[in-house]
Amino acid sequence: MTYTIEKVATLVGARRYGTSERSVRWLLTDSRSLCFPEETLFFALRTQQGNGHRYIDDLYHRGVRAFVVDTVPADYETRYGEANFLKVPSPLAALQRLAERHRDEFVGVPVVGITGSNGKTMVKEWLYQLLMAAPQQSGVITRSPRSYNSQIGVPLSVWLMNEQTRIAIFEAGISQPGEMLALHDIIQPTIGVLTCLGAAHQENFRSMEEKCMEKLQLFHDTETIVYPSDNDIVGRCIRRSQYKGTKIGWSRYNEKAPFFVREVREVRDGTATGKTVEYVYRGEEHSFSIPFIDEASVEDAITCAATALCLGLTPEELAERMPRLQPVAMRLEVKEGQRGCILINDSYNSDINSLDIALDFMNRRESSQGLSKTLILSDIFQSGISPESLYTQVSDLVQKRGVKKFIGIGPELAAQADKIQIGHKQFFADVQHFLGSEAFDNLHNELILLKGARNFGFDQISELLEQKVHETILEVNLSAVVSNLNYYRSFIKPDTKMVCMIKADGYGAGAIEIAKTLQDHRVDYLAVAVADEGVALRKAGITANIMVMNPEMTAFKTMFDYDLEPEVYSFRLLSALVKAARKEGITGWPVHIKLDTGMHRLGFNAAEAAEIAELTDQLKRQQAVIPRSVFSHFVGSDSNAFDTFSEEQFRLFDEASRQLQAAFSHKILRHIDNSAGIEHFPQHQLDMCRLGIGLYGINPRTNQTLSTVSTLKTTILQIRRVAAGETVGYSRRGEISRDSMIAAIPIGYADGLNRHLGNRRCHCLVNGQRADYVGNICMDVAMIDVTDIPCKEGDSVEIFGPNLPVTTLSDTLDTIPYEILTGISNRVKRVYFQD
């Protein structure tokens, strides 16, 4: 739907500056995602991480002419003569208000509002699969893209409703009290769904009851609510809320529940396994089967069943569609491909909104490697609009995102080939015809986005293009990196800069993709250990400032050539660096001065005033280098036991750094807080903070996991029965005390799995259950005890990750998580994804 700028101003109660007539079709809160500037309305949000007003100038020059602001630029008439500025007290509140008024246009459309601690996205996507499986029905099902469930994501989701919407499904997530009311007013659900109540974000609530009552605000005035009635807290809170609509509580124990689950049993059809759910609804017995066996999937499926029945599906339709549910891959995967290609795999669904998100992600993965952008797209089903209009929109999107090659798969795309206005385009009836063509053979040195509906079998394309390596992989969650970054940003002042440590190949996660993500989120500095690490980043297209923490004297020329800023920690290093810079005719090269305040590792002695005076004098007597920052390291900011020593360190640093600053007229950035210090010593944040292990999901103050970034996974190669009294592995160390099932997994100490974890000192997880390492861990293989664990060859094994924290391994080895993370071998493939 399209609104005039005048109509938008009226809806949000804005004062309008500017008179040019504009139509608004797209809402934008992140300047990096701009696609259709001529019809875009930008909301200049102020957050703890940034100020959207800073990007007005850039967006104006890129074609945006409509802005929602809290401060109008003083010279807007001369600098932005064609723009409209809508001034409001809060751009975020205006965004929410606009979405709320947009939602008012769809009275009579069923809207499902989903909340809960876990399972929101799974339930939303499965409901979508169940409801869209009715091709005879006109219209579309509008749903939240991926996990757009925040104060910003929800209004952007609701804005997607249009004239073709017949059902809408939206997620709503909260992290603290007072957030749900705004989301309720935006979504205005007619059916409410509570998935479950768990510990997520509990730190911001005084009790589980308080959190539950906050979530239930979403369901005020809904006609129906679906919820797990076996949860005592949920049941108690619903009674307290005096909910007046229809209550569809599902239960495994209460036969009088509106949706009673009589039995859940596992079924096996050949090698395929699943679960059958027998239930009673409105006094009648029915059943359905799902192709999953884990408990979370069972509960999500029950929630979907109850909700789908409320939306008009019959039990017979439910029984037919449930077995066809597909796994929900809530992420975009980045993988190394063959023939110099990089793959972005989003071959899980295909609709115009998710295509736009995937193209935006692709656009942000550009590098200096010269990879041309290629899109491989399947037919898009049930868009609710004519094929001519749909593929004209697709063409506009791919042109705006700079796609150079378009490969269409499916009869509908082939029929609409003339609508795709890309110079290099080819079309195929199905995946098999594409795989047998020269077009597939000729893919090389390309950034390829795979975007297709599941029934087209795009996994075949991915399988053949993907670089074949070890079955053991390290999954790296780029969204978790951003979450951890924002967690620490929430503790620092808006004007405090951030250095992110990506040395040791990004703590084992892969420095290039981590750096791209951090650059995308505008960190001020990246820090590597040696110059070669910085060179690799520059060659991958990283343009952010890069600090080299341990510069080698043989690498000065390299640092000059690749714009890398060295740390300087000694007079010998300073003298050699100045000499090298003069030889190259360089002046004013930025350096970072390191002071030793108690670590006694590297650095100028901050306790010696004479040494600091000599350092200042030497820096003043030359022009080759210039101090950009001065810093030191806390020895024990992760422990209260060292607070007295830490304060003495800061006193020494404060005095020495002020002495250095007094000698120069330009601003020298001061920084001493590391990950632990950001939280523990907020008074010492100064001009900049350094984020290391915290970025990768470990809170050094508590040794607890924040958002898990790295997950080490492998698979079961073979399972064998080993009788009591036998042994497993080298030197017969793995003694078997009972008849056991022993599995071999393709990971060993050459991959980074420490030998000292063997002989039952530690364990991994198989289908969520503990499996001890048995016997000595070998170079390439380890053996685990899977007795009493339902599993089969090919099943996934978690070495560490969200369900088995890396700290479990480091605690067993009496070491630190850094050692485990950085010890993962390069032969272990890294797979990157974004939630």
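Described below are features of the structure shown in this document. Everything quoted here is computed from the prediction, not taken from an experiment. (Residues numbered from 1 in each chain as written. Predicted model: local features only at pLDDT ≥ 70, side-chain atom pairs only at ≥ 80, totals over all residues. Heavy atoms only, no water.)

Looking now at the overall build of the protein. Within the protein, the secondary structure is distributed over 28 helices and 44 strands. The globule rule puts the C-alpha radius of gyration for 835 residues at 28 Å, and the 29 Å found for the protein is close to it. Considered along the principal axes of its C-alpha atoms, the protein spans approximately 90 × 85 × 65 Å. A sequence separation of at least 24 residues applies to 65% of the contacts in the protein between residues at least 6 apart. (Helix = DSSP H or I, 4+ residues; strand = E, 2+ residues; numbered from the N terminus. Rg over C-alpha atoms; globule rule 2.2 N^0.38 Å. Contact = heavy atoms within 4.5 Å.)

For the pair helix H8 (residues 208-216) and helix H9 (residues 232-241), the least separation of the axes is 9 Å and the interaxial angle reads 55°. Between H8 and H9, the angle falls in the class oblique. For H8 against H9, the interelement crossing comes out right-handed. In contact with Met208, Glu209, Cys212, Met213 and Leu216 of H8, H9 contributes Ile233, Val234, Arg236, Cys237, Ile238, Arg240 and Ser241. (Axes fitted to C-alpha atoms, helices over the stretch in contact; angles between N-to-C directions. Parallel < 35°, antiparallel > 145°, perpendicular 65-115°, else oblique. Left-handed = near helix turned anticlockwise from the far one by under 90°.)

Quick look at the sheet that holds strand S4 (residues 26-28) now. The strand order across the open sheet formed by five strands is S2-S7-S6-S5-S4, and the pairing between neighbours is mixed. Looking at the sheet topology across the chains shown, the edges are occupied by strand S2 (15-17) and S4. Within this sheet the neighbouring strands show an average axis-to-axis angle of 25°, counted without direction. Running over the sheet, helix H4 (residues 91-103) touches S4, strand S5 (40-43) and strand S6 (66-69) and is turned about 140° from S5. (Pairing = 2+ DSSP bridges.)

Helical geometry note: an α-helix holds 3.6 residues per turn, so side chains three or four residues apart project in the same direction. With 12 residues, helix H24 (residues 609-620) should reach 16 Å at 1.5 Å per residue; the first-to-last C-alpha distance of 16 Å fits that figure. In the core, the buried residues of H24 are packed alongside helix H23 (571-583), strand S28 (589-596), strand S29 (604-605), strand S30 (625-631) and helix H25 (643-662). (Expected span 1.5 Å × (residues − 1).)

Scanning the entire structure with this criterion turns up 22 aromatic pairs. Relative to Phe292, the ring of Trp126 lies with its centre 5.1 Å away and its plane at 25°, an arrangement referred to as stacked. With Trp126 in helix H5 (residues 120-132) and Phe292 in the loop between strand S16 (284-290) and helix H10 (295-310), the pair connects residues that are 166 residues apart, well separated along the chain. The same class applies to Trp126 and to Phe292, which are both buried. When the ring of Tyr507 is compared with that of Tyr818, the centres are 6.0 Å apart and the planes differ by 40°; the resulting orientation is tilted. Of this pair, Tyr507 sits in helix H19 (residues 503-507) while Tyr818 sits in helix H28 (residues 817-822); the two residues are 311 residues apart in sequence, bridging distant segments of the chain. Between Arg339 and the ring centre of Phe440, over which it is positioned, the NZ or CZ distance is 5.6 Å. Sitting above the plane of the Phe664 ring, Lys620 keeps its charged end 5.0 Å from the centroid. (Phe/Tyr/Trp six-rings, centres within 6.5 Å; stacked < 30°, edge-to-face > 60°. Buried < 20%, exposed > 50% of the residue type's maximum accessible area, 1.4 Å probe, protein only. Lys NZ or Arg CZ within 6 Å of the ring centre and 35° of its normal.)

This next bit is on the nonpolar core. Grouped together as the largest cluster of nonpolar side chains are 135 residues, with contacts concentrated most on Tyr773 and Ile799. In terms of residue count, H23 provides more of this core than any other element does, six residues in total. (Core = buried A, V, L, I, M, F, W, Y, C linked by side-chain atoms within 4.5 Å.)

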